[in-house]
Amino acid sequence: MSGKRDYQRPLDWKRGRIDLNHGAGGRASAQLVSELFAAEFDNEYLHQGNDGAALPAPPELAAGGRLVMATDAHVVSPLFFPGGDLGCLAVHGTVNDVAMLGARPLWLAASFILEEGFALADLKRIVQSMAAAARAAGVAIVTGDTKVVEQGKGDGCFVATTGVGVLPRGRDIGGARARPGDVLLLSGTVGEHGVAVLSQRASLAFETAIVSDTAALHDLVAAMLAAAAEGSVHVLRDPTRGGLATTLNEIAQQSGVGIDLDETAIPVLPQVEAACELLGLDPLYMANEGKLVAAVAPEAAAAVLAAMRRHPQGAQAARIGVVQADPHRFVQMRTRLGGRRIVDWLAGEPLPRIC
Amino acid sequence: MCLALPARVVAVKDGALATVDLGGVRKEVSVALVPEAVVGDYVIVHVGHAIGILDADEAQRTLALFAEIAAVADAAVADPPRMPA
Amino acid sequence: MKYVDEFRDGELARGIAARIAAELRPDRRYSFMEFCGGHTHAISRYGVADLLPPALRMIHGPGCPVCVLPIGRIDQAIGLALDRGAIVCTYGDTLRVPASPAAGPQASRGQGESLSLMKAKARGADIRMVYSAADALAIARAHPQREVVFFAIGFETTTPPTALVIEQAAREGLANFSVLCCHVLTPSAITHILESAEVRELGTVPIDGFIGPAHVSIVIGSAPYEHFAEEYRKPVVIAGFEPLDVMQAILMLVRQVNAGRCEVENQFTRAVTRAGNLAAQAAVARVFELRERFEWRGLGEVPYSALRIRAEYARLDAERRFGLDYRLVPDHKQCECGAILRGVKRPTDCKLFATVCTPEHPMGSCMVSSEGACAAHYSYGRWRDFPVRVEASAA
């Protein structure tokens, strides 16, 4: 041993702030990585200290399976909201993207873009939340990057995550696979994440007990796929930005089909309904971060729905409609009044109606 | 500009402000236009202002009227057709 | 939600619909105009039209204040932000209304992308969405060194809050706040429609009666409509905001028409009285006065149909404060918003509908606000425009 390591003042988690040194690649950067990221994410790959991770081939590959990769950038504001924060959102979002292909999520990469002046205390909170979410989901954050931008050029903290997963041989779930006759299943109540985030915008000033539904869904997906013959679940998608309405329109478009919904079957919490009424917004277009919608072969629908309901994340799962042949790819809905309307694509940013 | 909802007054504060509750969601609104509103009243809220007080008796009467009209009619209108065949 | 959910009950709706169908005279058709953007939205969003018999048609009138806001007024608001550096505060509905192309060497009449408040924001204009006039006041207090203008639009429901805010600003002696007043009046618009050639002489738009606006009526009361019923021999039924209210009001109109009556009836008894909200009316009278004329998009100039801020509040009147001119700007040549607002044409009669003009790229105001007839039809009802064969589904 040649001597003591150079003394390095530990990071001040209480009052410290990110400065440009932390992104410069020098000692400050390395300290941030070792004292925060490697310490919290805590896995052999990060402790190796390389710029990338060499990962073992999962067994499904040898059996003819395929790799899955997904990526997401997270720019939510505010960073901390009822029920979650940027950190767990970043983990859940990408784990879910992988899971929506029916794949087993394995590893995540995380890139941070930090604004000069961002509080270390907030960064630590976010990172700890990510670590906890990753542990709960059974995935490791194996590599990452940090950059710092000048004050005013970033909204505090942006995170981009990329996820890798593996599919068993033969599984092919995707938005283009819906077929006329398929049953549409929704895993639970919609609109909570959108409302929870909005409730924090000072300009709106409303109080509510609604919390974000952010959650990792791969376990629920596994339960659904195990409940029926391989190939029965045709489509899986999590209705994030743009809400359930947008997701269903995407599926209709991709698969070249129409959809017929029953408004009374779509579960919405009363407070979400009330908050949306107050703001002039529609729960069908509000973001969800812990729900999924599935198109399932009709003969398997009952079994899959039962499996969802047995799972903690699917307790309020419901059958909300069917897929039908329609060259115009409309998503139609029978309203609670018994009339009909379409549920169209979102037109731009949902601007709350005053009227 | 017609979006307006009946919300229950849960607290009246100084400066003609009140906290109202709609389905468990709470918001602060101005009651300057309905100075007589008291806790327990339902007010109609539009762009952050209560513009009128809901008459609970009339509301019940209206609902009873709906039920009466609906009951007199025969079997419900048949389900409207889907995308025309 | 109490007093909301009960008024959306599907079973009751079907029952009332059956009653309406049973009471229609077989020898005639019925056309009613609803005059409140909120009613247009409720009808589309719940698919009420599906529950009504084919012989009964609802015509969407100019009840959406965003839809009748002329291009020239939006240009004024954009100009205040882009050219005068003011913070312009507006309700959400107004943000996407298309106005004139940006001024500049490249732009000339008819060329260039038309600006909206939202597009102006993307070009650096400080435009902020507010939920209430009080929010605009708060912004003015927070930025004493900037001019803050509240773009006040809306019918009589929205006007009293603006009046209160102007009085409050005057009391506080706020030096940097003003209001661009584009408040319009409901009865004037109804008169204008009833006076129009299509209705009066040509009979091309047969209107058998009106569904009166819900929340405007809370403020102005039911009395102001008595004039129409008498003078124009048309029944008016003021309806609440929920779909069951609308349906009951339609039934009441059918009964009036069948009996040859022309009265003002109030379906929205839980919130509307004959006199209305006197405190609200008084606030409006203190702060505003009638303009002799005002241009409505699609209707042209309508006399005594809009409000202006009184002289004693001149400091708070953005038009006077900034010396604004009003310039009339015509709509796109093929835009049929005017005819649609008057009920003369339907959205599908407009060549631009669903082709060039969509909610993402609105050409005219009927497509911008979700209560505009075109937006409502596009977003909720355009599937009816396609005659399609649905193949027998699998399973």
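Residues numbered from 1 in each chain as written. Chains lettered and ligands numbered in written order. Predicted model: local features only at pLDDT ≥ 70, side-chain atom pairs only at ≥ 80, totals over all residues.

Asks: Let's hear about the overall build of chain B: which residues, and what values?
Replies: Each helix and strand counted, chain B has 1 helix and 5 strands in total. Residue burial in chain B is summarised as follows: out of 85 residues, 46% are buried. Pairs at least 24 apart in sequence give 29% of the contacts found in chain B among residues at least 6 apart. (Helix = DSSP H or I, 4+ residues; strand = E, 2+ residues; numbered from the N terminus. Buried ≥ 20, exposed ≤ 12 C-beta atoms within 10 Å, placed from the backbone. Contact = placed C-beta atoms within 7 Å.)

Asks: So, the nonpolar core: which residues are in play, and what are the values?
Replies: As a rule of thumb, nonpolar side chains are buried together in soluble globular proteins. Ranked by size, the top nonpolar core spans 278 residues in total, and within it M130, A134, L185, A294 and V304 of chain A together with V43 of chain B carry the most contacts. When residues of this core are assigned to domains, at least three map to each of domain 1 (20-167) and domain 2 (175-342) of chain A. When sequence neighbours within four positions are dropped, the list of residues in contact with L185 of chain A reads V293, A294, V296, A301, V304, L305, M308, A317 and R319 of chain A. (Core = buried A, V, L, I, M, F, W, Y, C linked by C-beta atoms within 7 Å. Domains from an automatic or database assignment.)

Asks: Lay out the sheet that holds strand β6 (residues 177-183) of chain C in plain terms, naming residues and giving numbers.
Replies: All names here are of chain C. Here we have 4 strands laid out as an open sheet, ordered β4-β3-β5-β6, and parallel in their pairing. The strands lining the two open edges of the sheet, one partner per strand, are β4 (127-129) and β6. With strand direction ignored, the average angle separating the axes of adjacent strands in the sheet is 25°. Strand direction decides the pairing type here: strand β3 (residues 87-90) and strand β5 (residues 148-154), joined by 3 bridges, are parallel. Bridged to V88 within β5 is V149. Of the strands in this sheet, β3, β4, β5 and β6 are in contact with helix α3 (residues 71-82), which crosses β3 at around 140°. Most of the contacts of helix α5 (residues 133-142) go to β5, to which it runs at about 175°, and overall it touches β3, β4, β5 and β6. (Pairing = 2+ DSSP bridges. Axes fitted to C-alpha atoms, helices over the stretch in contact; angles between N-to-C directions.)

Asks: Quick one: what's the story with the sheet that holds strand β13 (residues 331-334) of chain A, residue by residue and with numbers?
Replies: Residue and element names in this part refer to chain A. Across the sheet, 7 strands lie side by side as β9-β11-β7-β12-β10-β13-β14; this open sheet has mixed pairing. For this open sheet the edge positions go to β9 (233-237) and β14 (340-342), each flanked by a neighbour on one side alone. On average, each strand axis in the sheet is tilted by 25° relative to the strand beside it, whichever way the strands run. Sheet topology note: the β9/strand β11 (residues 293-296) ladder contains 4 bridges and is antiparallel. Among the inter-strand pairings, R237 is bridged to a residue of β11, identified as V293.

Asks: How would you explain the interface of chain B and chain C if you had to name every residue and give the values?
Replies: Frequently, the measure chosen for interface size is the accessible area that the parts lose on association. Taken together, the contact pairs 42 residues of chain B with 51 residues of chain C. It is helix α1 (residues 56-72) of chain B that contributes the most residues to the side of chain B that touches chain C, 11 residues altogether.

Asks: Got a sec to walk through α3 of chain C? Specific residues and values, please.
Replies: All names here are of chain C. A rise of 1.5 Å per residue sets the reference length of α3, with its 12 residues, at 16 Å; its end C-alpha atoms lie 16 Å apart and thus fit the reference within 8%. Among the 12 residues in α3, 11 count as buried, and that is most of the element. Among the residues making up α3, those that are buried are I71, R73, I74, D75, Q76, A77, I78, G79, L80, A81 and L82. Residues of α3 that are buried sit in contact with β3, α4 (117-122), β4, β5, β6 and α13 (318-321). (Expected span 1.5 Å × (residues − 1).)

Asks: Summarise the environment of D19 of chain A; cite the residues concerned and give the values.
Replies: Here D19 of chain A shows up in the segment before α1 (27-41). Along the sequence, D19 of chain A and A103 of chain A sit 84 residues apart, while their C-alpha atoms lie 39 Å from each other.

Asks: So what about the confidence of the model for chain B? Which residues, and what values?
Replies: Residue and element names in this part refer to chain B. In the predicted model, chain B carries a mean pLDDT of 83, and 81% of its residues have values of at least 70. Looking at the elements of chain B, mean pLDDT is at its lowest for α1, recorded as 88, and at its highest for strand β5 (residues 49-53), recorded as 95. Scored below 50 in pLDDT, residues 75-85 makes 24 contacts in the model with residues more than four places away or belonging to other chains. Our summary of model confidence lists the complex with pTM equal to 0.87 and ipTM equal to 0.84. (pLDDT = per-residue confidence, 0-100.)

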